[in-house]
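# Structural overview
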Amino acid sequence: MNELPKKLDDFIKEMKLSFNRKEVVQLMTALLEHYDISLEEIKANAPDSVSEKKAATAASAPTPAPSTTDRPYILPGVGVVLPSNKVLYYDGSENKGTRSMAYSYMTEKLKLPKGYRWRLMNSEDLKEIRAYPYMVNKLLNELHGVSMFAIDEDYILEDNNLDRGYVRYLADLR
């Protein structure tokens, strides 16, 4: 059981892109109930390699989610979760683009992770991000994303009239 069958591996990759944490917990709960599997049974039958892999992953995890949401943390494959429970997409424009380009990127189905209602950053979001400049940029770097490098006046925001600038996307977590 070192490698999952390709079909299952592809399904897991799609889930990681499409589902948020709450939806994954709901899916797992439904599957456990359907197949009448207990958590104790899973732990007892888990191969040693799974336990070792889990321990290695925990040791090398970039930044675990804190027990409270008073500081930004990483949502793997998506972005940085802010204390307000909004996720800042890890990628952003490195060159100035137009507002229409920003909206077209947002509406293309394959560009942004599925399962979220993405929108342009607004001035309130930017203010919150600027309250944690070092931490947000550190987490974005860990995700191999684009840091928040521009001055505030250079960002196209949901609530400003700038027609050309840098773009960042956010979504509310459920």
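What comes next concerns the included structure. Fair warning: this is a prediction, and the values are worked out from it, not measured in the lab.

A few words on the overall build of the protein. In terms of regular secondary structure, the protein is built from seven helices and seven strands. Along the chain direction, N to C, the helices and strands of the protein fall in the order α-α-α-α-β-β-β-β-α-β-α-α-β-β. Evaluated residue by residue, the protein yields a buried proportion of 31% over its 174 residues. Taking the contacts inside the protein whose residues are at least 6 apart along the sequence as the reference set, 64% of them involve residues at least 24 apart. On the protein, roughly 11,800 Å² of surface is accessible, and the fraction owed to carbon and sulfur atoms is 56%.

Within this structure, the stated rule accounts for seven salt bridges. The closest approach of N and O atoms between Asp-154 and Lys-96, which form a salt bridge, is 3.5 Å. Remark: Lys-96 occurs in the loop between strand 3 (86–89) and strand 4 (97–98) and Asp-154 occurs in the loop between helix 7 (133–142) and strand 6 (164–165); sequence separation between them is 58 residues. Assessed through its relative accessible area of 22%, Asp-154 is described here as partly exposed. Through salt bridges with shared partners, a single network forms among Lys-86, Arg-119, Glu-124, Asp-125 and Glu-158.

This paragraph deals with the layout of surface pockets. As a volume, the second largest pocket reaches approximately 270 Å³. What lines the second largest pocket is a set of 15 residues, among which Gly-92, Ser-93, Tyr-105, Val-167 and Tyr-169 lie closest to the centre. Going through the elements one at a time, strand 4 and helix 5 (99–107) are the ones with two or more residues in the lining of the second largest pocket. If one sorts the elements of the lining of the second largest pocket by residue count, helix 5 sits on top with three residues.

Take Arg-168: it is sitting in the loop between strand 6 and strand 7 (169–172). For the buried residue Arg-168, which engages in no salt bridge, the nearest side chain bearing the opposite charge is Asp-91, 6.4 Å off. Side-chain polar atoms of Arg-168 contact the backbone oxygen of Tyr-90, separated by 3.3 Å.

The rules we used
Residue positions are given per chain, counting from 1 as you read along its sequence in written order. Local features are withheld for residues below a pLDDT of 70 in this predicted model, meaning they are given only at 70 or higher, and side-chain atom pairs are given and counted only at 80 or more; totals for whole chains, interfaces and linings count all residues. With hydrogens and water stripped out, all remaining heavy atoms of the structure feed into the side-chain values. Secondary structure counts use DSSP, requiring at least four H or I residues in a row for a helix and at least two E residues in a row for a strand, with both numbered from the N terminus. Each residue's exposure class comes from its accessible area (1.4 Å probe, protein chains only) as a fraction of the maximum for that residue type: buried when under 20%, exposed when over 50%, partly exposed otherwise. When checking whether two residues touch, look at their non-hydrogen atoms; a contact exists if any pair is within 4.5 Å. For the area figures, the Shrake-Rupley method with a 1.4 Å probe applies, and any residue is considered shielded solely by the protein chains shown. We define a salt bridge as a contact between a side-chain nitrogen of Lys or Arg and a carboxyl oxygen of Asp or Glu at a distance within 4 Å. A pocket here means an open set of points on a 1 Å grid, computed over the protein atoms alone, that has protein on both sides within 12 Å along at least five of seven lines. A cavity is instead a set of points where a 1.4 Å probe fits but cannot get out; residues with an atom within 4 Å of a point line either one. Grid points are joined across faces, edges and corners, and a volume is the space filled by probe spheres set on the points. When charges are counted, Lys and Arg are positive and Asp and Glu negative, with His and the chain ends excluded. Under the rule applied, a polar contact is a pair of N or O atoms within 3.5 Å (in protein, one hydrogen donor and one hydrogen acceptor; residues adjacent in sequence only if both atoms are side-chain atoms).

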